[in-house]
Structures are given as structure tokens and as C-alpha cells.
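Listed below, chain by chain, are the residues.
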Amino acid sequence: MSEIPAKATESKDPLDGARAEAADDAVAHVRPGEPPSGDAMWQSSPPGSIYDYIKVASFSIGPDGLVEQWSLRAEQLFGIPAQHAVGMDPIEAFIDPDLRAQGQRKMAEILDGREWTGVVPFRVPPSAADGECGREGLAEVYVMPTRTEEGEKAAVCIVVDVRTLRSIETDLAASQAIFGQSPFGFVLIDPDLRVRRVNYRFASLFGGSPDDHRGKGVHDYLPRPEAERVTATLRRVLETGDSITDMHVTGFLPGSDERRHWSINLYRVRSGSGRPIGIAWLGTDITARRAAAREAAAARRNLALLNEAGARIGNSLDLETTARELLDVVVPGFCDLATVDLYQGLLAGDETPPGLADGSAELRRVAFASAVSDAPFIGSGDPVSVGAVHHYPFNSPCADALRTARPQYIPAEEGGLVQSTLAVPMVAHDTVVGLAQFARTKGSEPFGDRDRDLAVELAARAAVCIDNARLYRREHERALILQRSLLPPGDPVASGLDIACRYLPGNSSADRPSEVGGDWFDVIELPGHRTALVVGDVMGRGLRAAVAMGELRSAVRTLALLDLEPAEVLSALDEIARGLGAPGGVQQATRAARRPREADLLEVYLATCVYAVYDSVTRRCTFANAGHLPPVLVEPGEDALMLDVPPGMPLGVGGEPFEEVEVELPEGALLALYTDGLVESRDHPLDEGLQAFVGALTDPSAPLEDVCDHVLNTLDTHHGEDDIALLMARVQGLPADSVGDWTLPREPRSVGRAREYARGQLLSWDLEPLVDTTELLVSELVTNALRYGEGDIRLRLLLDRTLVCEVWDSGLVQPRRRRARDTDEGGRGLQLVGLLSAAWGSRRTPRGKTVWFELPLPDGQNGMVDPAEALLSLF
């Protein structure tokens, strides 16, 4: 309470302090709702009372109507110190001149002993402190008559600043409006952390009226863990005065199991004197906002997952790898367990996948991923391991998903690890290629409609990549089959040579899927126990290169059977290669070469090739090279070396002749022909690869198969960047006792002499069953040489896997077989040769021509042709 001035002297009783302390203690222990007792009525008002906000002052007026006492609150209200105020006439000092007459009458009534209450305008006199002079105000005055010690009439005046009071009233009204009409929950908490007051919004949420919540604590509204966290925060705000903004609190409303989320703001409330009197709690329900935020976060997560899927799925054209890439994306970001099953027919290369079948076709599990364990799915039948072939029962959800091409929810089994499973068919181009299963374990959020749509999108993307991989695998296998069909079947066999070969198609690399290439090799048997060795490489990859390789290989075999020289073979191949890219073939390409180059260039096919012809009788080998890598020769007891064969221009360039090099190969020598895939890769330059290849040929005496394996294991042959073709031949010349060679003069007696030489040689070789046939055919060829040839005649018999007879002369005219008429006396010699021999032909030589025929050796399996019957068949 404000002090009341009086003439009473200050008490000297030492018990006054004790009484004051007792009064404070009594107030401190007064419970709410209980009236104070005893000396508690005489307590001093603690700081923070209403008088801290309302300006209340007092002063006394003596019998003479002048100020006699002036309180400290009066000094604060009017700004006039006591030494100036005492002795002043309040009417003259504070009242406006127009109202002083009325004021004097009221003063007289007061001094006459009458109480008075009223509102009086005032003005601070000039004697006030600086800044207060002339200030006008409005005061509510309560005048109470008193008497002095002498019994004279006086008065005590209590003054309240009306404007301050009205401001407080306005603030209270505004506070009541905000507190009562706020759409947010508002709670006022006292220093004991008990609810002092709540607004209607808060009460409407938690039930009851605002008064029903008075005295409750935080634990009455929130679960225990959350209540303890909030209580600790309230204590910290009360102690430190630091405000808390947007603190998220979770709880439940009475009678509801739905979890609610609030955002609360906390700040400490102080009295007018600055003493903390509680905490203000302003709460906003953000449950809908949290749900929207979760939806937005889920949408962002799904979009990020789709972006990741687009970047990671389909980087390989392998079916199993693509399935694993799908699981790498979804586990654990989308689910905890996942599997991928593909139709077995799809993996086996069937042309048409099952599509929308009955859903019970055989599938193979190609991928499995788990974020919680490495065990296969539990709860969807018997566990299926990766690589196992299985099928789903007809009435199962998985079979239904495959049958209808729609995702299905699979119910969880009691006691299992999985609580939610999605079976999603993998559909590409309206064709079901497999099934993906996504599962979430207990403790994770079950799958919703948004998750189902995302799973369908992920499965569809993976299905398209898997279908592309299937199509690529099919095309690749077809091209590979085509390429292998154009290579020599099995192990080639040649006269006077031990042959071993290897072919490795390009496989998948890190940044480019595998494609077939244009590498090829061939071993072609030629007349006279000679052999053509061919290795080539069409530039480029894919089916185009494989087809071009097949055409060139067929052309090589055709040209080789014409028994042309190696340089002539390559020249003809060059013309053919240039014709591959022209619509009209070789002739069109030749005409185009004569015309000026046009703007639209023809498609160019380029290839490299090395062609070698080996004669097993002389052990001499003739090489011609069209831009290919040099052959490697290893002689017994010597280091490997690369033969100096002029490389020439690649096939398809045209305009340049090819050179030949003839090399005599010693017995037991090793000859190696190869393509650039064996010696060159991105990590190994060509020079290093050639040196490594030459260094790997250290033991030419080992079996050729072992030598090939050693070379492939030593060199970098797993880079997968290009095909690899390797052809190795060990020289095994025809023994001297297997060759019969005679020179005959140009005279009629040479025919009989040739028969005698042939009979004697065959008998020495123990080939008596061939004597008659050989004599007859030798007689025919020598006779033709005498009649149509030139120069001396040479007869040669060669024994190896077959018997070969050759008749040489200097004439250039090639024999031509014709059908003789019944009336013709001659013209049946070559027909007879064709009937009795296994093969016959002629070839040009540097000094004439050679006519030859070949007879199979009598081994008990091949029946011999009776010469008499052959002669009779001519007529």
C-alpha cells in the first residue's frame, strides 16, 4: 500500500521489524482461497502488486488549507519535491484559474469536515522539476477529513492518475480480447509450473471450461517422456528468461488415439517491477502441416529415387546385372527386402516371352537384396535361393500379379519378419518379363498407395532395360553364331602342318557392351599337299562387320581354290572389299573409282589380311600382307622373330599392288598368325603387346594346344575391347621317301615310262590296289602333255593322307573338260580322270602349268572305282 503521511513520529519499537518479517512469512504461507489471519493483514505489499502499475499518491492539508505533508509518491506524480510543495495552496498551485473559485468552495467544505471524491484536472506549477512544468493531467481525488493533535480540522488527500488508470483498463480489455478470442492455445503458467489461466481455444481442445484447467501441470496433458522434456524447458525459460520459439511437442487429445503435433512458443512473464511471475505458452496445432511436410518429403524422396533409378539402372546390357541394379536402388531407400524373378524362357533365349500367361510359368530368381539379413523371403512359401528355378501357385498373389499385370499386396504371416509386401509385375512393351517383390519389415511404415505407384514405376523402368538387354542378347547371340559358323569347324587339318587355333569374341567392358567383331582365320587345303593359312580382321564391330567378314572369307576360299598366287588373291580381295560398300557391287565400285569423288561418299569396308601358302614338299611358305600385323616365326633353338613382310594397304583402299615374300621354314619351326586384339588394348600399346607376344613364344617344342593356352594366359586377353584370333602351325615337311619325282622327255615312249615309274613307286609304298587306276590316269595326263603341252614333262607322286599325282609342262594353255559326242574318237581323257579320281584340276606355275589328280588311300572304308566300269560308263 502507498504510504499515508501523518504527524506521528516514526516508531522506535524494535519489534516492528519482527512484525514485518512475520507478516511476510504469513503471506508466503497463505494458500490460495484461504483468508489471511493474524498479523498477515498488516503486511507490506510485495513488489509486483497493482500499485506498481497504478500511480497513487497522498498528501495532507492543514487547517489553513495549505499543504502540510507531501509523500514521495506525490513527488513522483506531480514532479514537485517536498520542500517546494509544503506550504503551497493546492488550489492556487494545481487548479486552472477558471476553476479556482469552485475549488476554494470545495476546500472550505472539506475543512468543514466533509468527505469528497471527484475527478479534478490539474496543471503542474512552475516550481516543478524541469520537464514537468506546465504538464496537464487528470486526477481522481479522495479527500478524508482528519484532525490535528490540537483538534483542528485538516484533511488527507489520496490522488490517482486517471489517465494511467484508464490506460491500464484499456490494456486489460485488450488482453482479455486477445486471451479470449485468440485462435491459438494460450496458457499462463505460474512459477510453480502450474496452470494459472487458459483461454477458450485451449479449453475447447482439452475439454472443460478454462477454470477447470487451473492448477494442472504439464503431465496432465502430455505423455510422460514428452512432459518431462517440456517441464525441463519451462524451468530453463523461467530461470534464464530465454524465449523458446517453434518447439515441437507431440501428444494426444482426450478421447482420441490420433497423434497430434503442436508448435509452442514460450516466454517469461514479468511484473511491473521486473519480477518473474510466470511463463506464457502459445501453442499452434501443426498436425496437418506435419502431414503435408511428410507428403512433400515423401514426394521428394520418391523423385530422388526415380532419378537415381534412371542413372543406375540399365548401365549394363546383362539381364542379371540390370536386376541387381534395381535392387541396389530400392534397398534400403525404399524397402528392407527385395527380389527379382525373371521368366526362365526369357533367360533361355526364347523368341517370345510368356506375356500375360496363367502366372504359373517357371521363373528364375536372379537377384535378392536385404538390409536386415541375408536370408531369402520368409512368409511367402519355401525360401528360394538366387539362381533357383521355381513357380508360384495359380491362386497365389504373385501368380495373380503376373497374370493380370497389376501389383498385388501380399498379407504378412503371423510371427514373421515381414509386415508388408508388394508383388509388382515387370512389364515392358505390354509384355510381362518377370516379377519384383518389395517388402518392409516390422517397425517400418507399411506400403501405401504412393509407394505402390512408385514401385510400379521402378519395376517398369527396370523391365524396359531388361527387355532391351534381352533383345541385345538375342542379336548378339545371333551375330556370334553367324560369326562362329563362318570360322573353320573343329580343329583344321593340313598336310605337313600341325595346326592349333583360338578365337575369343569381345566380351563386356566397363563402358561399352560387347559386340561381335570381324576377326577370322582359315586353313584351306590346296592341290599338291599345299595349305593356305589366312588371318584377317574387318575394321569395325557388330553384325555389319561379321557379315563383311563372312563375305571376305567366302571370297578367300573361292580364290584359293583357283590356285592363285598370294598377291593375286589379295588383289582380288581388295576389289571385292571395295564392292561391298557399293550398291552395284565390284563393277559399280570400279566405275565410281574412275569418276570424280561425289559428295555422297559410299560406305567403306576396310579389312586387313595376311595370306600364306605353304608347300609341304619344299617347306617353303609364300606370304602376302594387306595392312595386317607381321607373322611371327620361331625356329628350333632360336628366339621368336617377326617376319619382314611388306604390309601393303588394307583391303578396300585399292590402287596399290601387293608384294610376296617366300621363306623356307625349317623342320619343327613354329609359325604364328594373329589379330590385333591379342597384342593391343587401351592399357597396352601395340609395341608393348608385340614384344610381350614374341616373349611368350619361348618353348616352340611344346604341344601346340599348350602353346596357345600359354600365350592367352600370358597376354592381356581379357580386356574385351576386340576379338582375338590366333592361328599357330608347326612345320612337319613331307618326308623324302614320300615323294616320287621324274623328268620325262617329249617323246611317245615317255607315256609307258611314266606308267612304269608310277607302278614301281606305288608298289614301294605298298599301294598295289591303286596301281591300275594310277597307271591309267598317269597315261592320260602324260599323253595330254605330249599332245598339247610344251617342253619337258615332269611327273611327281606325293604320299600323305592321300595320293597326289602331278604332271608338269611348260605350256600355258589350261586343259578344259568337255563332254565328248558318241561319234568322237577322243575327248574322253579328262572325263575319265574326273570319274576315277577324288579330285583333279590344273594350276599355273611360273614356268607353265601343272595338271593333277588325287586318289584316296585304300583303308577298307572308301571303295575304289573299277577302271573298267568307269570306261564303260563313258559310252
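Refer to the structure presented above.
Report on the accompanying structure.

### Things to note about the overall build of the protein
Reasoning step 1: Counting its secondary structure elements, the protein contains 22 helices and 31 strands.
Reasoning step 2: Buried positions account for 45% of the 875 residues belonging to the protein.
Reasoning step 3: For the protein, the share of sequence-separated contacts (at least 6 apart) that also reach a separation of at least 24 residues comes to 62%.
Reasoning step 4: In the structure as shown, the protein presents an accessible area of about 44,800 Å², 51% of it carried by carbon and sulfur atoms.

### A few points about the environment of Glu226
Reasoning step 1: Checked against the element boundaries, Glu226 lands in helix H8 (residues 224-240).
Reasoning step 2: In this structure the C-alpha to C-alpha distance between Glu226 and Gly251, which are 25 residues apart in sequence, comes to 7.7 Å.

### Description of the pairing of strand S27 (residues 739-744)
Reasoning step 1: The two faces of S27 differ: Gly740, Trp742 and Leu744 on one face are buried, but Val739, Asp741 and Thr743 on the other face are not.
Reasoning step 2: Here S27 pairs with strand S28 (residues 793-799) via six bridges, running antiparallel. By the bridge assignment, Val739 is partnered in S28 with Leu798.

### A closer look at a negative patch on the surface
Reasoning step 1: Side chains of Asp64, Glu149, Glu150 and Glu152 sit close together on the surface and give a patch of like negative charge.
Reasoning step 2: Looking at where Glu150 falls in the secondary structure, it is placed in the loop between strand S4 (136-147) and strand S5 (153-161).
Reasoning step 3: According to the relative accessible area criterion, Glu150 is exposed, its value standing at 60%.

### Points about the packing of helix H20 (residues 771-788) against helix H21 (residues 829-836)
Reasoning step 1: At their nearest, the axes of H20 and H21 sit 10 Å apart, and the two run at 150° to each other. The interaxial crossing formed by H20 with H21 has left-handed handedness. Along its contact with H20, which presents Thr773, Leu776, Leu777, Glu780, Leu781 and Asn784, the element H21 presents Gly829, Leu830, Leu832, Val833 and Leu836.
Reasoning step 2: Split by residue class, the contact of H20 with H21 holds seven nonpolar, three polar and one charged.

### With respect to the side chain of Thr675
Reasoning step 1: Looking at where Thr675 falls in the secondary structure, it is placed in the loop between strand S25 (670-674) and helix H17 (686-696).
Reasoning step 2: Among the polar contacts made by the side chain of Thr675, one reaches the side chain of Asp519 at a distance of 3.0 Å.
Reasoning step 3: A distance of 3.0 Å separates the side chain of Thr675 from the backbone nitrogen of Ala725, its partner in a polar contact.
Reasoning step 4: Beyond its immediate stretch of four places on either side in the chain, Thr675 contacts Asp519, Val535, Gly536, Asp537, His628, Leu629, Asp723, Ile724 and Ala725.

### Some details on the sheet that holds strand S26 (residues 724-731)
Reasoning step 1: Spatially, S17-S26-S25-S22-S23 is the arrangement adopted by the five strands of the open sheet, whose pairing is antiparallel. Edge positions in the open sheet fall to strand S17 (497-504) and strand S23 (641-642), since each of these has one partner strand only.
Reasoning step 2: Across two bridges, strand S22 (residues 632-634) lies against S23 in antiparallel orientation. Residue Val632 lies in a different strand from S23, and its bridge partner there is Met642.

### Comments concerning the packing of aromatic side chains
Reasoning step 1: Within the structure shown, the criterion is met by 13 aromatic pairs.
Reasoning step 2: Residues Trp70 and Phe78 carry aromatic rings whose centres are separated by 5.7 Å and whose planes lie at 40° to one another, so their mutual orientation is tilted.
Reasoning step 3: By relative accessible area, Trp70 is classed as buried at 9%.
Reasoning step 4: A centroid spacing of 5.3 Å and a plane angle of 10° characterise the contact between Trp742 and Tyr757, whose relative ring orientation is stacked. Highlighted residues: Trp742 in strand S27 and Tyr757 in helix H19 (residues 749-764), separated in sequence by 15 residues.
Reasoning step 5: Trp742 gets classed as buried once you look at its relative accessible area, which sits at 18%.
Reasoning step 6: Cluster of aromatic residues (ring-pair linked, three or more members): Phe59, Trp70, Phe78, Phe94 and Phe122.
Reasoning step 7: In this structure, Arg794 packs its charged tip against the face of Trp808, placed 4.6 Å from the ring centre.

### Here's the deal with the nonpolar core
Reasoning step 1: In this structure, Trp520, Leu533, Leu573, Tyr611 and Leu727 are the most contacted members of the largest nonpolar core, which totals 55 residues.
Reasoning step 2: Core analysis: the second largest hydrophobic core is formed by 49 residues, Leu306, Ala423, Ala428 and Cys465 among them.

### Here we look at the sheet that holds strand S18 (residues 517-526)
Reasoning step 1: One open sheet holds the five strands; their spatial order is S18-S19-S20-S21-S24, and the pairing between them is antiparallel. For this open sheet the edge positions go to S18 and strand S24 (660-664), each flanked by a neighbour on one side alone. On average, each strand axis in the sheet is inclined to that of its neighbour by 15°, with strand direction left out of account.
Reasoning step 2: Bridge count between strand S20 (residues 607-615) and strand S21 (residues 620-626): seven bridges; the pairing is antiparallel. Each residue of the ladder has a partner; that of Asp615, found in S21, is Arg620.

### Regarding the pattern of salt bridges
Reasoning step 1: As enumerated under the stated definition, the model contains 38 salt bridges in all.
Reasoning step 2: Its salt-bridge partner being Asp498, residue Arg730 comes within 3.9 Å of it at the nearest N-O pair. Placement of Arg730 in strand S26 and of Asp498 in strand S17 is noted, with a sequence separation of 232 residues between them.
Reasoning step 3: According to the relative accessible area criterion, Arg730 is buried, its value standing at 10%.
Reasoning step 4: The class for Asp498 is partly exposed, based on a relative accessible area of 29%.
Reasoning step 5: Residue Arg553 pairs with Asp522 through a salt bridge whose shortest N-O separation is 3.2 Å. Taken together, the positions of Arg553 in helix H14 (residues 543-561) and Asp522 in strand S18 put the pair 31 residues apart, joining distant regions of the chain. Considered together, Arg553 and Asp522 belong to a single accessibility category, that of buried residues.
Reasoning step 6: Connected through shared salt-bridge partners, Arg530, Asp563, Arg796, Glu806 and Arg843 make up one network.

### Observations regarding the packing of H14 against helix H15 (residues 566-580)
Reasoning step 1: Where H14 meets H15, the closest approach of the two axes is 10 Å, and the angle between their N-to-C directions is 150°. The orientation of H14 with respect to H15, classified from their angle, is roughly antiparallel. Relative to H15, the crossing made by H14 is right-handed. In contact with Ala548, Glu551, Leu552, Ala555, Val556 and Leu559 of H14, H15 contributes Val569, Ala572, Leu573, Ile576, Ala577 and Leu580.
Reasoning step 2: When its residues are assigned to classes, the contact of H14 with H15 shows 11 nonpolar, no polar and one charged.

### Topic: the state of the cysteines
One way to say it: the disulfide is the covalent bond shared by the sulfur atoms of two cysteines.
Reasoning step 1: Tallied over the full model, the rule gives zero disulfides.
Reasoning step 2: Here Cys501 is not cross-linked by a disulfide; its sulfur's nearest cysteine counterpart is in Cys708, at 7.4 Å.

### With respect to helix H18 (residues 704-714)
Reasoning step 1: Among the residues of H18, those classed as buried are Leu704, Val707, Cys708, Val711 and Leu712. Down the axis of H18, the smallest arc covering the buried residues is 130°, so these residues share one side.

### Structural notes on the pairing of strand S10 (residues 276-285)
Reasoning step 1: Relative to S10, strand S6 (residues 185-189) runs antiparallel, the two sharing five bridges. Its bridge partner being in S10, Phe186 is matched across the sheet by Leu282.

### Quick word on the environment of Leu767
Reasoning step 1: Its place among the elements puts Leu767 in the loop between H19 and H20.
Reasoning step 2: Separated by 36 residues in sequence, Leu767 and Leu803 have C-alpha atoms that sit 9.6 Å apart.
Reasoning step 3: Apart from residues no more than four positions distant in its own chain, Leu767 is found in contact with Leu762, Leu799, Leu857 and Pro858.

### Notes on H20
Reasoning step 1: Under the 1.5 Å per step criterion, the end-to-end length of H20 is 26 Å for 18 residues, consistent within 8% with the ideal 26 Å.
Reasoning step 2: Inspection of H20 places Val771, Thr773, Thr774, Glu775, Leu777, Val778, Ser779, Leu781, Val782, Ala785 and Leu786 among the buried residues, and these make up the whole buried set.

### Brief notes about unusual backbone geometry
Reasoning step 1: Note that the residue after Val331, namely Pro332, is joined by a cis bond; omega there is 0°.
Reasoning step 2: Tracing the chain through its elements places Pro332 in the loop between helix H10 (319-330) and strand S11 (337-343).
Reasoning step 3: Notably, Asp246 is not glycine yet its phi reads approximately 55°, a positive angle.
Reasoning step 4: Accessibility expressed as a relative area gives 40% for Asp246, which makes it partly exposed.

Conventions and cut-offs
Residues numbered from 1 in each chain as written. Predicted model: local features only at pLDDT ≥ 70, side-chain atom pairs only at ≥ 80, totals over all residues. Heavy atoms only, no water. Helix = DSSP H or I, 4+ residues; strand = E, 2+ residues; numbered from the N terminus. Buried < 20%, exposed > 50% of the residue type's maximum accessible area, 1.4 Å probe, protein only. Contact = heavy atoms within 4.5 Å. Areas by Shrake-Rupley, 256 points an atom, 1.4 Å probe, with all protein chains shown as cover. Pairing = 2+ DSSP bridges. Patch = residues over 30% accessible without salt bridge, like charges linked within 9 Å, V, L, I, M, F, W, Y side chains within 5 Å. Salt bridge = Lys/Arg side-chain N within 4 Å of Asp/Glu carboxyl O. Lys, Arg positive; Asp, Glu negative; His and termini not counted. Charge placed at Lys NZ, Arg CZ, Asp CG, Glu CD. Axes fitted to C-alpha atoms, helices over the stretch in contact; angles between N-to-C directions. Left-handed = near helix turned anticlockwise from the far one by under 90°. Nonpolar A, V, L, I, M, F, W, Y, C, P; charged D, E, K, R; others polar. Polar contact = N/O pair within 3.5 Å; in protein donor to acceptor, adjacent residues only side chain to side chain. Phe/Tyr/Trp six-rings, centres within 6.5 Å; stacked < 30°, edge-to-face > 60°. Lys NZ or Arg CZ within 6 Å of the ring centre and 35° of its normal. Core = buried A, V, L, I, M, F, W, Y, C linked by side-chain atoms within 4.5 Å. Parallel < 35°, antiparallel > 145°, perpendicular 65-115°, else oblique. Disulfide = S-S within 2.5 Å. Arc of directions from axis to C-beta. Expected span 1.5 Å × (residues − 1).

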